[in-house]
Amino acid sequence: MSASIPVPARERTASVSASDPPSSIPIPANTRGIPASSFGPQSPGAGTSPRGYSASFSTSPSASHLRGNSLGSAFHGIARQLTAFLPPNYTLSEEPEDQEKRQGTTKILLLENINLDAAEFLKKQGYEVDHVTKAYSEEELIAKLPNYQAIGIRSKTKITQRVIDANPQLLVIGCFCIGTNQVDLDHAAKRGIAVFNSPYANSRSVAELVISEIIALSRQIVDRTHEMRAGIWNKLSKNCWEVRGKTLGIVGYGHIGSQLSVLAEAFGMTVIYYDVIPIMPLGTARQVETLGELLSRADFVTLHVPEIQDTIGMMGEAEFAQMKTGSFFINNARGRVVDLSALASALESGHLAGAAVDVFPKEPGANGPGFNETLGEFIPRLRNVPNLILTPHIGGSTEEAQRAIGSEVSTALARYLNYGTSLGAVNFPEVDLRAITTSDERHIRVCHVHRNEPGVLRGINNILADHNIEKQYSDSKGDIAYLMADISGVGEEEVVGIYNAIKNTRANILTRLLCEWLR
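These numbers come from a predicted model, not from an experiment.

*Asks:* Teacher, can you tell me more about the overall build of the chain here?
*Replies:* The secondary structure content of the chain amounts to 15 helices and 20 strands. In the chain, once contacts between residues fewer than 6 apart in sequence are set aside, the share between residues at least 24 apart is 66%. With an accessible surface of roughly 23,000 Å², the chain has 51% of that area assigned to carbon and sulfur atoms.

*Asks:* Can you walk me through the side chain of histidine 304 in this structure?
*Replies:* Position of histidine 304 among the secondary structure elements: in the loop between β13 (300-303) and α10 (317-322). Judged by its relative accessible area of 12%, histidine 304 is buried. Among the polar contacts made by the side chain of histidine 304, one reaches the side chain of threonine 302 at a distance of 2.8 Å. In this view, histidine 304 contacts Val206, Val210, Ile250, Val251, Gly252, Ile256, Gly257, Leu260 and Ala333; residues no more than four positions away in its chain are not counted.

*Asks:* Can you walk me through the sheet that holds strand β9 (residues 194-196) in this structure?
*Replies:* Within a sheet, neighbouring strands are paired by backbone hydrogen bonds and run either parallel or antiparallel to one another. Strand order in this open sheet of five strands is β6-β5-β7-β8-β9, and the pairing throughout is parallel. Of all strands in the sheet, those with a lone pairing partner are β6 (128-131) and β9, marking the two edges. Geometrically, the sheet is characterised by an average inter-axis angle of 15° between neighbouring strands, direction not taken into account. Pairing of strand β7 (residues 150-153) with strand β8 (residues 172-175), which is carried by four bridges, proceeds in the parallel orientation. Pairing of glycine 152 across the sheet is with glycine 174, part of β8. Docked against the sheet, helix α13 (residues 399-419) engages β5 (107-110), β8 and β9, running at close to 170° with respect to β8.

*Asks:* When you look at the packing of aromatic side chains in this model, what are you seeing that I'm missing?
*Replies:* The description of an aromatic ring pair uses the distance of the two centres, along with the angle that the planes make with each other. As enumerated under the stated definition, the model contains eight aromatic pairs in all. Judged by centre distance (5.1 Å) and plane angle (90°), the ring pair of phenylalanine 320 and phenylalanine 329 falls under edge-to-face. Under the relative-accessibility criterion, phenylalanine 320 is labelled buried at 2%. Phenylalanine 329 gets classed as buried once you look at its relative accessible area, which sits at 0%. Ring pairs connect the aromatic residues Phe196, Tyr416, Phe428 and Tyr482, which therefore count as one cluster. Between the NZ or CZ atom of lysine 107 and the centre of the ring of tyrosine 148, over which it lies, the distance is 5.1 Å.

*Asks:* Looking at this structure, how should I read the sheet that holds strand β11 (residues 270-274)?
*Replies:* Read from one edge of the open sheet, seven strands run β12-β11-β10-β13-β14-β15-β16, paired in parallel fashion. Strands at the two margins of the open sheet, each flanked by one partner only, are β12 (286-287) and β16 (388-390). Its contacts with the sheet place helix α6 (residues 203-218) against β10 (247-251), β13, β14 (327-331), β15 (352-357) and β16, and it is angled at close to 150° to β14. Docked against the sheet, helix α8 (residues 255-266) engages β10, β11 and β13, running at close to 175° with respect to β10.

*Asks:* Explain the confidence of the model for the chain to me, please; I cannot follow it from the model alone.
*Replies:* Detailed reading of the predicted coordinates is not advisable wherever pLDDT is low. On average, residues of the chain carry a pLDDT of 82, and 78% of them reach 70 or more. Across residues 1-103, confidence stays below pLDDT 50; counting only partners more than four residues off in sequence or on other chains, it has 259 contacts.

*Asks:* Quick question: what am I supposed to make of the environment of glutamate 399 here?
*Replies:* Within the fold, glutamate 399 resides in helix α13. Assessed through its relative accessible area of 54%, glutamate 399 is described here as exposed. Distance from glutamate 399 to serine 205, taken between C-alpha atoms, is 9.5 Å for residues 194 residues apart in sequence.

Parameters and conventions
- Residues numbered from 1 in each chain as written.
- Predicted model: local features only at pLDDT ≥ 70, side-chain atom pairs only at ≥ 80, totals over all residues.
- Heavy atoms only, no water.
- Helix = DSSP H or I, 4+ residues; strand = E, 2+ residues; numbered from the N terminus.
- Contact = heavy atoms within 4.5 Å.
- Areas by Shrake-Rupley, 256 points an atom, 1.4 Å probe, with all protein chains shown as cover.
- Buried < 20%, exposed > 50% of the residue type's maximum accessible area, 1.4 Å probe, protein only.
- Polar contact = N/O pair within 3.5 Å; in protein donor to acceptor, adjacent residues only side chain to side chain.
- Pairing = 2+ DSSP bridges.
- Axes fitted to C-alpha atoms, helices over the stretch in contact; angles between N-to-C directions.
- Phe/Tyr/Trp six-rings, centres within 6.5 Å; stacked < 30°, edge-to-face > 60°.
- Lys NZ or Arg CZ within 6 Å of the ring centre and 35° of its normal.
- pLDDT = per-residue confidence, 0-100.

The structure is reproduced here in structure tokens:
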């Protein structure tokens, strides 16, 4: 059973979409059987606190802005709602209640038409969410992102070092996709910004797209369809093949590659794969020792690798020459791992019988015209070769995948903003503590991102020496460390002093205090 939640009546930021958002949006579908407790309360204010909201304030060496605020609890029924004491110079509305509590509102910007269920889930958590259908350029991000503490993107928006440095208030980035190469992960970590993604949710969608492309290429379906639309009847069987008995070579045997392996075997294909580490195969697939061996043996070659320094340009003129004459090539991974000029040459010469390309080194920032030579000299060449499937980066673009991605990433964002939980962060130490419960009186939670240097924990524990540390956990990743600690017996008058003492330590990157509003 699903429910609907009214969109807040407050003023909305204009969206690029063709029509206004609906008056209500369904609660995100739980397609993966995630426990309901991890999605937060069922209605605003449903937590155990009579005030029904939560928030935090925090700072880094370059800013003293509000860094997080949220509503709801991922531990509905047992977790205590948290609020925060904000810096006295933080300007809010003129309402007496707001001035008294100095309560801020976290704003989240969602770009690239992220699933609306995810947007509504975050609204339900108490955030102000602006939903935009297109990607933003670097200049647009620098101009518009300072109004937001969190951002959700897909693959086209680039969060560069320049964007990060221009937005010291930014707390968290959600990549609503598999890849994170569009974000400067190291620099984000150095600024205390956690980055989350969804590494598994669209694996099935990509694997199914590859299967469809294998069949379409082997039967020249795209060319026959184009001819029929032009009024040409061209029934032929020459160079059209069954996929049964053919060899599929998978480069990268991760979540997508392994699922594809199973599907391909169900069609009667022989599967070989190449990966930089030994991986246990599924079914009767076999791992080969070198990329060259895979290229020379496979009838179909498909890439499923991340875009890293070792994979950029991994398929070029020499690699295409190693492929069998009359074989097929598929890339649904990342645009820069393939030299598309070399691919165009291999197709034009007839060495390859066909190809499918879903990703490109440069891609338009929005739907509509723009897939032309401005993206690369190879684009007109690719558009003119036969038996080539060109798709606009739709590998994970299914309703099921986008709902699952939206659920996973939006939940990660809310848990980090609400409770400091960094489980699943790709650039950050993964730290978690159990919830502060309704029986925990006068507790605060310290979330402290700092440089990984000796003596930091000793200094923090000295600051907290007059209080009981109920729970504490710290971990590091490279030069960055993250400490979470729950402190009991803290009076309202002590919170600001604790906050100022921790954020002024020499290794501080970002400090947040989550605390109950004591009366």
